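Structural description and commentary
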Amino acid sequence: MIDIAMGVAALAVAALLFWPRIARAGLWRATVTPLASIIGSGFLILGPILTDSFGTWGILAMALLCLIGYLFGAAIRYNMERIDEPDLDTVTADRIEWLSSWALAFAYLISVAYYLNLFGAFAARIFGAPSDLLGRSITTGAYLLILIAGMTKGFSLLERMEQMTVSIKLIVIAALIAALAVHAGVEWDGHHLKESGMKVGLTGSVQLLFGLIVTVQGFETSRYLGSHYSSGVRRVSMRLSQWIATGIYLAYVVLLAVSFESGTFALDETAIIDLMRTVSAVLGPLLILAALSAQFSAAVADTNGTGGLFAELTKGRIGPKLTYIGLAAIGLALTWLADVFEIVSYASRAFAFYYALQSALAAIRAWVGGAPERRLRRCLGFSALTVLGLAAALFGAPVEG
């Protein structure tokens, strides 16, 4: 019954994604990029983390993470709306914009390490039980492959993988949620639904949520698609991608939280594979396939973007090839000196700092050029988001695996 539900869900989503009317729609194409980024990197590790740390309360934790992401997205959308009005930008605003671009560039450096370490961890599961040494060795090989491709202009070949991996990822996620829904239904019918409490206190909970912001990150990519879509389409597509991602995340975490108890499984970066093997034997290989395709394509995209961003910020003094070398050096250091959960925390803090700067920029623009009746309210709201982002950057903590 579970396998049938998985097949039906996967075929339905595949048919929808490849339906010409959907596939060719401009708004959907603009939505796919941020949507794939939001639910791609952290989806597979987030469910087990929240279930293990928060128990049934992980549902609320997931809702809070999505809300935080949506509010930061609102600040970025406001900046997108106002960016074409030069009279709103003061010297301070220009400096914050410059600083936020640097913050984003360094956040990308860490996020590539995050993607490739997840890639290595899931690839290692093909050979059996989790192995830190094997996972890190695979990650090192992936870094070398991407570095060679970047240095020899081979990114065009690697980039062709990205469009297909988005569809694979969404199809597998549909199968996963369908399987969990049937499994939870069976548990409910047998009166076996789980309920468990939190393993962390209030302070630890807040710090852990701060350290997981990167798992709902990715919506900001809409801002940088200006050469393909208008500002209005990009704002709508960002909002739409966050709504869809929120629905997917909440369905996933709700079903996982009521199907498994906190503390009843070993928490590591590939814990979802072991959990899903108890639901369906087919899900393990599917999840490995989805993880490998998603993480590698995301790493290639962010590596390429980082090279261009550093070249732009330094006016060509640091070219893409030099950036790739620095990116590989930093990534390999993180790979061998930190575990995946620590890298997730570092990436979250880096993106939180970027969101804090974007929120500060939105507060300034709201005060300078906002509608009089909304000026104070928006300025205070964006200022509060600035404080929240800075707190997340300073106090985000890694998961204790």
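The structure displayed is predicted, hence computed values, not measured ones.

Cut-offs and rules
Residues numbered from 1 in each chain as written. Predicted model: local features only at pLDDT ≥ 70, side-chain atom pairs only at ≥ 80, totals over all residues. Heavy atoms only, no water. Helix = DSSP H or I, 4+ residues; strand = E, 2+ residues; numbered from the N terminus. Contact = heavy atoms within 4.5 Å. Areas by Shrake-Rupley, 256 points an atom, 1.4 Å probe, with all protein chains shown as cover. Buried < 20%, exposed > 50% of the residue type's maximum accessible area, 1.4 Å probe, protein only. Core = buried A, V, L, I, M, F, W, Y, C linked by side-chain atoms within 4.5 Å. Phe/Tyr/Trp six-rings, centres within 6.5 Å; stacked < 30°, edge-to-face > 60°. Lys NZ or Arg CZ within 6 Å of the ring centre and 35° of its normal. Salt bridge = Lys/Arg side-chain N within 4 Å of Asp/Glu carboxyl O. Patch = residues over 30% accessible without salt bridge, like charges linked within 9 Å, V, L, I, M, F, W, Y side chains within 5 Å. Expected span 1.5 Å × (residues − 1). Arc of directions from axis to C-beta. pLDDT = per-residue confidence, 0-100.

Some remarks on the overall build of the protein
- For the protein, the helix and strand inventory stands at 15 helices and zero strands.
- Sequence separation of at least 24 residues holds for 85% of the intrachain contacts in the protein that already meet a minimum separation of 6.
- Looking at the protein as shown, the accessible area adds up to about 17100 Å², and 67% of this sits on carbon and sulfur atoms.

Some thoughts on the side chain of Thr335
- Following the sequence through the fold, Thr335 ends up in helix H13 (residues 320-337).
- For Thr335, a relative accessible area of 0% gives the class buried.
- Not counting the four nearest positions on each side in its chain, Thr335 is found in contact with Asn117, Arg136, Thr139, Tyr143 and Ile343.

Some thoughts on the environment of Tyr114
- In this structure, Tyr114 sits in helix H6 (residues 91-124).
- Between the C-alpha atoms of Tyr114 and Gly42, which are 72 residues apart in sequence, the distance is 9.4 Å.

Focus on the nonpolar core
- One finds Ile39, Met62, Leu212, Tyr249, Ile272 and Met276 to be the most contacted residues of the largest nonpolar core, which totals 129 residues.
- Considering every element that reaches this core, the biggest residue donor is H6, with 19 residues.
- Setting aside residues up to four positions removed in sequence, Leu212 forms contacts with Leu46, Ile49, Leu50, Leu65, Val344, Ser348 and Val399.

Describing the packing of aromatic side chains
- Across all of its chains, the model carries eleven aromatic pairs by this definition.
- When the ring of Phe219 is compared with that of Tyr355, the centres are 5.1 Å apart and the planes differ by 20 degrees; the resulting orientation is stacked. Taken together, the positions of Phe219 in the loop between helix H9 (202-210) and helix H10 (231-259) and Tyr355 in helix H14 (residues 340-369) put the pair 136 residues apart, joining distant regions of the chain.
- An aromatic cluster of three or more residues is present, and its members are Phe72, Tyr108, Phe219, Phe351, Tyr354 and Tyr355.
- Above the face of the Tyr70 ring, Arg77 is positioned so that its terminal group lies 4.8 Å from the ring centre.

Here we look at the pattern of salt bridges
- Applying the stated criterion to the full structure yields two salt bridges.
- Measuring nitrogen to oxygen at the nearest pair gives 3.7 Å for the salt bridge that ties Glu97 to Arg365. Residue Glu97 is found in helix H6, and its partner Arg365 is found in helix H14; the two are separated by 268 residues along the sequence. Here Glu97 matches Arg365 in class, with each residue buried.
- Put simply, Arg125 and Asp274 hold a salt bridge, and the shortest N to O gap is 2.8 Å. Of this pair, Arg125 sits in the loop between H6 and helix H7 (132-151) while Asp274 sits in helix H11 (residues 271-277), and the two are 149 residues apart along the sequence.
- For Asp274, a relative accessible area of 34% corresponds to the partly exposed category.

Quick look at a nonpolar patch on the surface
- Taken together, the side chains of Trp57, Leu60, Leu64, Leu67, Leu71 and Met198 make up a nonpolar region of the molecular surface, amounting to roughly 560 Å² of accessible area.
- You can see Trp57 is positioned in the loop between helix H4 (43-54) and helix H5 (58-82).
- By relative accessible area, which is 51% here, Trp57 ends up exposed.

Re H13
- A rise of 1.5 Å per residue sets the reference length of H13, with its 18 residues, at 26 Å; its end C-alpha atoms lie 25 Å apart and thus fit the reference within 8%.
- For H13, the set of buried residues is Thr323, Tyr324, Leu327, Ala328, Gly331, Leu334 and Thr335. Taken end-on, H13 shows its buried residues confined to a sector of 135 degrees, consistent with a single buried face. The exposed residues of H13 that point more than 90 degrees off its buried face are Leu322 and Leu337.

Considerations on the side chain of Thr140
- When you line up the elements, Thr140 lands in helix H7.
- Overall, Thr140 belongs to the buried group, its relative accessible area being 17%.
- When sequence neighbours within four positions are dropped, the list of residues in contact with Thr140 reads Leu332 and Trp336.

Things to note about the confidence of the model for the protein
- Chain-level statistics for the protein give a pLDDT mean of 82 and a share of 89% at 70 or above.
- Helix H2 (residues 20-23) is the least confidently modelled element of the protein, averaging 71 in pLDDT, while H5 averages 91, the highest of any element.

Observations regarding the environment of Ile148
- Along the chain, Ile148 turns up in helix H7.
- Overall, Ile148 belongs to the exposed group, its relative accessible area being 53%.
- Linking Ile148 and Ile325, residues 177 residues apart in sequence, is a C-alpha distance of 9.7 Å.

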